[in-house]
Each structure stands twice: as structure tokens, then as C-alpha cells.
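The lines below spell out each chain.
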Amino acid sequence: MMCGGLDARARWRRLMSVLVAALGVAALLAVAACGDDDDAGSSGGGSAAGEVTKVKVGVLPISNVAPLYVGMKKGFFKEEGLEIEAVPAQSGNELVTAMVSGDLQFAFLGFVPMMAAVSKGLPLKVIASSDTGAEKAEDEWTVIIVGKDSPIRDVKDLAGKTIAVNALKGVGEVAIKAALEKRGVDPNSIKLLEVPFPEMPAALQKKRVDAIWAPEPFLTSVLGEGGREIEAPLTTLGPRYPNGTYSTTEKQLASDEESVAGFTRAINKSMEYASEHPKEARATIPTFSKIPQEVADKIRLPLWPVPIDTAKVQELGNYAVKYKVIEKAPAMEDLIWEGATKN
Amino acid sequence: MATSAGAEISAGRRAPGWHRRVRDGSALLAPVAAVLVVLGLWELVVRAGVISETNIPPMTATVGELFSQLGEGDFWTAVGRTLEGWALGLGIAMVLGIPLGMLIGSSRWLFRAFRVPIEFLRPIPSVALIPLAVLIYGTGLESKVFLAAFASFWPMLIQTIYGVQDVDPVATDTAKSFGLSRLARVRHITLPSAVPYIATGVRISSAVSLILVVTAELVIGAAGLGREINTARSGGNLEVMYALILATGLLGYVLNLVTSAAERRVLRWHPSQREVAA
């Protein structure tokens, strides 16, 4: 190893050190460049008239946010001088964190997580309703269902059974318990098991749970295999029961209220349009989720009424406190931005 | 066949090309056959209903979906994003790990001093740092690179330390007695001795970086293959989900081929790479 070929080895070593140095410089440059890009993108504040403000909107890849994509496609946001970057997240908690840290200017967030956040003092505000439950139980898009061979026939049979929800201490727990109580079933008798939505059909099949509170597209797929609907919690609480919101941060309101007003106008317009053109709404679903068009055409869609039903939201908040999901329900003025459309 | 090759070589005529071709030919057969058996088993198990088709789609449907994904622009964008994170994570691990490793490895005192912090920090699973990463860096590229770099830094560092410590002391002493300066000793003795270890470190760190990048994408939602997998899962589209999982495995396999080939190239001069001489 010592004699002969020293030049070749020296050459290889030099090559290696050059490569490493180059890689290092490239890495540092790339990280620096990416850092700058992100800063430029997330400022989102202070646009002069006629300028386009870039904003990031956090979403979940579910059909509830179809109006946002319809609005983007139809240019409603561009009309308000906004360029939307839809950022898919995995859970409501993640959306809350990202908004608080300034990573997102707006987000699609359920009423219950929003109420929990605001009651804890986080600087967030609801600016629009995102979706509600159905008018009638047979159209509801998140339903307690059982398998084909289940002995459960009726909502009263749910007493003492195990029901799967996607997250404990979330809207599922509130809606299910409130609905069961309204139907005369003791809400303390049921057991809730936390199972992510995609894994619910398998949990039902393997009998790890007796029933699942499943949304689309899993609802349609389980029903297609002979499953039966037992109870539609949101519809039991009331028609068009509030479910989700589009929310923003206090920081965004303080630095660029015009963009918030513009976003609110555009999203409300998008929801109206999507409600009148469900086919176009269904056409956007495969673009942001991996739900194939044939499935998107068959699933039940949420409703997208514009005005926030503050009475029902207050009631939802009270239910959430009753079932110990949140500590106290925030006042409507603290929760909802004054510029939001309420009824 | 082996005997005639041996006979040829011992007769003084070297036929290394022929020898290697035969070896590679039969060496290729076994892994390909194994893969086909596994794929066939998958198809059989699903079609026979042992595992329900609603839990995992049949192999033919999944592989078919994989091929159609290869034609989608979105798929390649996601692959690009994943590779971006992988390269940056590995790059940072190398840029920090190799020099630090050489420094710590070459000093008895430094090694003893840093041993405890290294052994303490090393087993921390990067996924446990996800909330921290999201808080500091958000849910984009930086978060994913931070996690990948953190995880792949440790194998890189440790391999480099071992490489430097494995230098033949006789060679070092000989170099000293030849009057080589410290820097020259590093260049001519330490580095060539450590390079095989460093190369192994790169291969390990590359795999770790890819795993963490895909995990971060899956859990945090940073753009890339992991996020696409999770989106498919949220939409109940099992065919796409498993096709993308296969794609991730294939990506890892390709990256491993690339780093192994690079390793062989760089270490061409090393005794371990030489063919057995007659």
C-alpha cells in the first residue's frame, strides 16, 4: 500500500475533498435559498392596491374544502388580489400550530378545535363557515355505521358499545355524545376508540370496534359492502349543523385586514358557486385528494351555506363543555371576526 | 465452468471479463427469482382472500397503478421533492459529520470528551423531534431536512471516527519518521485509511436520510412521496397508496445502487476491491 501509486491515491483524495466541499457549498446555498423563498412567501402582509398578495391556506385533503379549489379555479381569489397556495396538512392540531407560528395565513379548521384554541387564548379568529352537516339524516356525510353482520339495528343498541372516532376530545366525541343523549341513549355508556379515518373500515371488519363514525369516502365504501347506517349525529343535533370554519390569525388581521376581507368575500362566493354547481365541485376533488373521479361522483357532499349560524355554534360550544372536550366555550365575539357573515 | 476458468487462469491466460460475466449472470438470477416469488405470493394471498382485497389490493393492480403513476407529472414532482430533501439531509450530514469525525477521531482526548454526548444524542429517534422541527421550521423543506440531517449525521460521524481510529499505527509512525507534516500525514495516511469507512458511512446515511425524509413527509405533510402516500390513504385510494409505497422502496434501491457504485469508484485503489490474484 505504501510504495507505488501514491499519485493515483493523492488524485482520488483531492477529488473526494473537492466533491465534499462542493456538496457542502451547494447544500448551504440551497438551504439559504430555500430559507429566503419561504420568508418571501409567508409575509402576506401589506399589499398596495392592484398588487397580488400571496397567502398560504392550510387544508385537509377532504371533500369539505372543494369550494376553495372551485374558487381558485374560477378566479374568485384573483379578483380580490389574492394568490392562494393551498397547503395540505394531516390534522387540525397541525393547522393550529402552523397558523400560530405564522407559517399559514388562513386555515380550514373545525369549530371545536377553533373553540378549544380561542378559549386557551391562542390568537385565532373564525372568518367564515367552511361546511355544515346535512339537512336530512340520509344525506349526512359522517355517519355512525356498522358492518353487514352486526347485531346492532337501532341507535338504542349503541348503548355500551365501542365506537371508533378519528380523534378523542374532538368534534366527533361532542357530536356523538350530544346526539346519543338527544336520542335517549346514555352517552357515558359508550366507549370511544381513537382510530384514524382510513383505518376505520378495517377496524370494523376485524371487529375491534362495534361501530365507526366514518366520513366520506369511507362511508360510501363500507355501505357499498353491505354496511348499515345507524345514526347521523350532526343531523340529529339540527339541520345544517356547523362543522368547520375558515380561520385566520390575529396577526394577519392586524397587518393586512384587507386581505382577510378579500379572502372572506372570495370564499363565501366560492361556497355559493359550489353549492349551485355540485358537479364542478366534485370535479375538483381528485385534484387535491387521491379520491378517483368515479368515487368523487358518488360520495355525499357537505353543505356549504355562507352565514355562520351563531346560535348553533354557541350550542355546539356548550355541548363541548358539557362533555369535557373543552374547558369553556368562548364568547361569539371572541371567536368570530366582526367582518364575518353571520345570521 | 468454474474449473475451466480456474484452468485458464492457472495456465497463465487471464480471462477476468469472462469470469465476471458468468459470475454476474448467475448472481442476477437469484435476486430476480426471489422478487418474482414474493410478487407472486402477494397476488396469490390477495386473490385467494387470505388477506381481504379491501385491505390491500392485488399485486397486479398495484403494479399497474405504479406504472400509470410513472406517467404522471405530479408523481415525478413528488419524487423530485423527496430527492431534494434526501440530498440536502445527506449533504449536511457529510459536511458536518466528516470533518467533525476526523477531528474527534484523531484526538484521544476529544474522543473521550465527546463520547457521552454522542451516545446520548444518537439514540434519540428523529421522529420524536418532529414537534420541535415543526415549531422551529414549519412544515416545509427545512423541517424535513433538519430531521433527515439530524438522523444521518450520527452514522456519518461515527463511521468517520472509527475510520480515523483504524489507521495502521505502523504506517503513522513510518510517516512520522519520514518527516511528513501533520497535514501531509492526514492526506497520505489518515484519509486513505478512513475513506472506506467514510464511504460506508455515506451509504448508511443515505438510507437513513431517505427514510427520515419520507417519514417527515408522511407525518408533517411536507411535499414529496410521503405526503402523496398519506393523501392517498386519506382518500381511501389503496391502489395508489401501495403503488407509491412500492415507488419509495424502488427509490431507496436506486439510491443504494448509486451510492454503492460511487463507493466502488472512489475506492478503486483499495485492496478490498481487488480481484483475487492468481
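Residues numbered from 1 in each chain as written. Chains lettered and ligands numbered in written order. Predicted model: local features only at pLDDT ≥ 70, side-chain atom pairs only at ≥ 80, totals over all residues.

(A) Main features of the overall build of chain B. Scanning chain B for helices and strands turns up 11 helices and zero strands. The secondary structure elements of chain B, listed N-terminal to C-terminal, are α-α-α-α-α-α-α-α-α-α-α. Classification of the 278 residues of chain B by burial places 38% in the buried group. In chain B, once contacts between residues fewer than 6 apart in sequence are set aside, the share between residues at least 24 apart is 72%. (Helix = DSSP H or I, 4+ residues; strand = E, 2+ residues; numbered from the N terminus. Buried ≥ 20, exposed ≤ 12 C-beta atoms within 10 Å, placed from the backbone. Contact = placed C-beta atoms within 7 Å.)

(B) How the structure looks around the environment of A:Trp337. Residue and element names in this part refer to chain A. Among the secondary structure elements, tryptophan 337 is positioned in the segment after α15 (332–335). Sequence spacing of tryptophan 337 and valine 126 is 211 residues, and the spatial spacing of their C-alpha atoms is 5.8 Å. Filtering out sequence-adjacent residues up to four positions away, tryptophan 337 remains in contact with Lys125, Val126, Ile127 and Leu253.

(C) The packing of helix α6 (residues 130–137) of chain B against helix α7 (residues 141–165) of chain B, seen in detail. All names here are of chain B. At a closest axis distance of 9 Å, the pairing of α6 and α7 adopts a crossing angle of 140 degrees. The angle between α6 and α7 places the two elements in the oblique class. Here α6 runs over α7; the crossing is right-handed. Across the interface between the two elements, Ile130, Ala133, Val134 and Tyr137 from α6 touch Glu142, Ser143, Phe146 and Leu147 from α7. Across the contact of α6 with α7, the residue classes break down as six nonpolar, one polar and one charged. (Axes fitted to C-alpha atoms, helices over the stretch in contact; angles between N-to-C directions. Parallel < 35°, antiparallel > 145°, perpendicular 65-115°, else oblique. Left-handed = near helix turned anticlockwise from the far one by under 90°. Nonpolar A, V, L, I, M, F, W, Y, C, P; charged D, E, K, R; others polar.)

(D) Summary view of the confidence of the model for chain A. For chain A, per-residue confidence averages 87 on the pLDDT scale, and 86% of positions sit at 70 or higher. The low-confidence segment residues 35–48 of chain A, where pLDDT is below 50, has 22 contacts with residues more than four positions distant or belonging to other chains. (pLDDT = per-residue confidence, 0-100.)

(E) Structural view of the sheet that holds strand β3 (residues 106–110) of chain A. Residues and elements named next belong to chain A. The strand order across the open sheet built from five strands is β2-β1-β3-β10-β4, with neighbouring strands paired in mixed fashion. The two strands at the open ends of the sheet, each matched to only one other strand, are β2 (82–88) and β4 (124–132). Averaged over all pairs of adjacent strands, the angle between strand axes in this sheet comes to 30 degrees, irrespective of strand direction. Taken together, the seven bridges between β4 and strand β10 (residues 242–249) define a ladder with antiparallel strand orientation. By the bridge assignment, serine 129 is partnered in β10 with threonine 245. (Pairing = 2+ DSSP bridges.)

(F) Inspection of unusual backbone geometry at higher detail. Residues and elements named next belong to chain A. Following glutamate 216, the chain continues into proline 217 via a peptide bond in cis, with omega recorded as 0 degrees. Within the secondary structure layout, proline 217 lies in the loop between β8 (211–215) and α8 (218–224). Its identity is not glycine, yet lysine 169 carries a phi of approximately 60 degrees, on the positive side. Tracing the sequence through the fold places lysine 169 in the loop between β6 (162–165) and α6 (171–182). The class for lysine 169 is partly exposed, based on 18 C-beta atoms found within 10 Å. You will see that arginine 240, though not glycine, has its phi angle at about 50 degrees, which is positive. If you trace the backbone, arginine 240 turns up in the loop between α9 (233–237) and β10. A tally of 19 C-beta atoms within 10 Å means that arginine 240 is categorised as partly exposed.

(G) Geometry of the domain arrangement of chain B. What the domain assignment lists for chain B is domain 1 (2–47) and domain 2 (59–273). Centre-to-centre separation of domain 1 of chain B and domain 2 of chain B, based on C-alpha positions: 30 Å. (Domains from an automatic or database assignment.)

(H) Layout of the domain arrangement of chain A. Residue and element names in this part refer to chain A. Domain assignment breaks chain A into domain 1 (53–133 + 242–335) and domain 2 (137–237). Each of domain 1 and domain 2 was reduced to a C-alpha centroid, and the two centroids are 24 Å apart. Contact residues are listed per partner, giving 20 residues for domain 1 and 17 residues for domain 2. At the level of elements, α5 (111–119) and α14 (310–322) are the ones that each hand at least two residues to the side of domain 1 that touches domain 2. Of the residues that constitute the side of domain 1 that touches domain 2, the class distribution is 14 nonpolar, four polar and two charged.

(I) Geometry of the nonpolar core. In terms of nonpolar packing, the biggest core is built from 99 residues, with A:Met115, A:Ile145, A:Ile163, A:Ile212 and A:Ala214 touching the most fellow members. Split by domain, this core shows at least three residues from each of two domains, domain 1 (53–133 + 242–335) and domain 2 (137–237) of chain A. In this structure, B:Ala93, B:Val195, B:Tyr197 and B:Leu212 belong to the second largest nonpolar core, which totals 61 residues. (Core = buried A, V, L, I, M, F, W, Y, C linked by C-beta atoms within 7 Å.)

(J) Geometry of the pairing of β3(A). Residue and element names in this part refer to chain A. Burial analysis of β3 places five of its five residues in the buried class, which makes it a mostly covered element. Of the pairings in the sheet, the one linking strand β1 (residues 53–59) to β3 comprises two bridges and is parallel in character. If you follow valine 57 over to β3, its bridge partner there is phenylalanine 106. Bridge count between β3 and β10: five bridges; the pairing is antiparallel. What sits directly across from phenylalanine 106, in β10, is threonine 248.

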